[in-house]
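# Fold and contact review
Here is how the chains run, residue by residue.
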Amino acid sequence: MLLYSVGVVAGWQFVSRFARGARLAVEDPVAARNKMVREQIEARGVRHAGVLRAMRETPRHLFVPESERSNAYRDCPLSIGHRQTISQPYIVASMSELLNPQPGDRVLEIGTGSGYQAAILSQLARQVYSIEIVEQLAQAARELLPRLGYRNVTVRCGNGWLGWPEQAPFERIILTAAPPDVPPALIEQLRPGGRLVAPVGDEWQELVVIDKDLAGHIHSRNEYPVMFVPMVGKPR
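What counts and how
Residues numbered from 1 in each chain as written. Predicted model: local features only at pLDDT ≥ 70, side-chain atom pairs only at ≥ 80, totals over all residues. Heavy atoms only, no water. Pairing = 2+ DSSP bridges. Helix = DSSP H or I, 4+ residues; strand = E, 2+ residues; numbered from the N terminus. pLDDT = per-residue confidence, 0-100. Contact = heavy atoms within 4.5 Å. Salt bridge = Lys/Arg side-chain N within 4 Å of Asp/Glu carboxyl O. Buried < 20%, exposed > 50% of the residue type's maximum accessible area, 1.4 Å probe, protein only. Core = buried A, V, L, I, M, F, W, Y, C linked by side-chain atoms within 4.5 Å. Phe/Tyr/Trp six-rings, centres within 6.5 Å; stacked < 30°, edge-to-face > 60°. Lys NZ or Arg CZ within 6 Å of the ring centre and 35° of its normal. Arc of directions from axis to C-beta.

## A closer look at the pairing of strand β10 (residues 218-227)
Alignment of strand β9 (residues 205-212) against β10, held across 7 bridges, turns out to be antiparallel. Along β10, the bridge assignment pairs Glu206 with Pro225. Taken together, β9 and the strand that follows it, β10, pair antiparallel across an intervening segment of 5 residues, in which Gly216 is found at a positive phi of about 90°.

## Things to note about the confidence of the model for the chain
Averaged over all residues, the pLDDT of the chain equals 90, while 89% of them reach at least 70. Residue range residues 1-24 is modelled with pLDDT below 50. Its contacts to residues more than four positions away, or to other chains, number 88 contacts.

## Digging into the pattern of salt bridges
Pairing between side chains becomes possible if they bear opposite charge and their charged atoms approach one another. A complete count under the given rule lists 11 salt bridges for this structure. Linking Arg56 and Glu42 is a salt bridge whose minimum nitrogen-to-oxygen distance equals 3.5 Å. Within this pair, whereas Arg56 is found in helix α3 (residues 49-57), its partner Glu42 is found in the loop between α2 (29-41) and α3, the two being separated by 14 residues in sequence. Note on Arg56: relative accessible area 30%, which makes it partly exposed.

## So, the nonpolar core
Grouped together as the largest cluster of nonpolar side chains are 49 residues, with contacts concentrated most on Ile41, Met55, Phe63, Tyr116 and Leu145. Here this core takes 7 residues from helix α4 (residues 89-99), the largest share from any one element. Ranked by size, the runner-up nonpolar core spans 21 residues in total, among them Ile131, Ile173, Leu190 and Met231.

## Observations regarding the packing of aromatic side chains
Under the definition given, this model contains 4 aromatic pairs. Centroid distance Tyr129 to Trp164: 5.3 Å. Interplanar angle 75°. Geometry classified as edge-to-face. Here Tyr129 is found in strand β5 (residues 127-132), whereas its partner Trp164 is found in the loop between β6 (153-157) and β7 (170-175), with 35 residues between them in sequence. An aromatic cluster is built from Phe63, Tyr116 and Tyr150, whose rings are joined through pairwise contacts. Over the ring of Tyr90 we find Arg44, and its NZ or CZ is 5.1 Å from the ring centre. Between Arg156 and the ring centre of Trp164, over which it is positioned, the NZ or CZ distance is 4.5 Å.

## A few points about α2
All buried positions along α2 are accounted for by Pro29, Ala32, Arg33, Met36, Val37, Gln40 and Ile41. End-on, the buried residues of α2 take up no more than an arc of 135°, which puts them together on one face. As for α2, its buried residues are in contact with α3, α4 and α5 (116-122).

## Observations regarding unusual backbone geometry
Of note, the bond from Ala168 into Pro169 is cis; its omega dihedral lies within 30 degrees of zero at 5°. Structurally, the position occupied by Pro169 is in the loop between β6 and β7. Its identity as a non-glycine residue notwithstanding, His82 has a phi of 50°, on the positive side. For His82, a relative accessible area of 33% gives the class partly exposed. With a phi close to 60°, Arg83 is a non-glycine residue in the positive phi region. Position of Arg83 relative to the elements: it lies in the loop between β2 (78-81) and β3 (84-86).

So, in structure tokens, the structure goes:
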């Protein structure tokens, strides 16, 4: 089964509407989240208690355009503009479980998008550093995340292929867009003993888990096929 995943956001004029408390299109968000976790995530085998808790508590409907709020908890990705998407809930949960961040970890995310994945990870790790290549999206996430209480997330506009060397090394790295191959800079910025999770490929993509052992050796395995937006901005 092909699973679809996140990319980025677009047209984030709707962030300012979030801040003003626009009327929700979800009648009971808490019930919708509980159902989402029970039927879409737990039913597919995700068991990580912290991930399940974060998925239940994070208001996904506030990370999508107002026009998509009624669909926020459905089992599908949603457009967030700029030809990008927010991943279906199961993919977010599964990747978070595979990443398995620890409470003291510093996490690098490539592809902030709407900020939803960063919000989930911020509840599992000490600090999340997130890079978004689209300035409008980066700015929107910088405004939205702290307003919703996710204050241990730092967002900047930049090229994810280069990582964030000033803050490296990272215990965990996650990509929410698919490069044809994992950028070498990200492998370099992964701390020994750390883990990277990424969709990798062009037309055919696999979710890949890369572990760097304490000696610095790389161990890689494929988890399952996925379909993510391509990672853009590769240096020439």
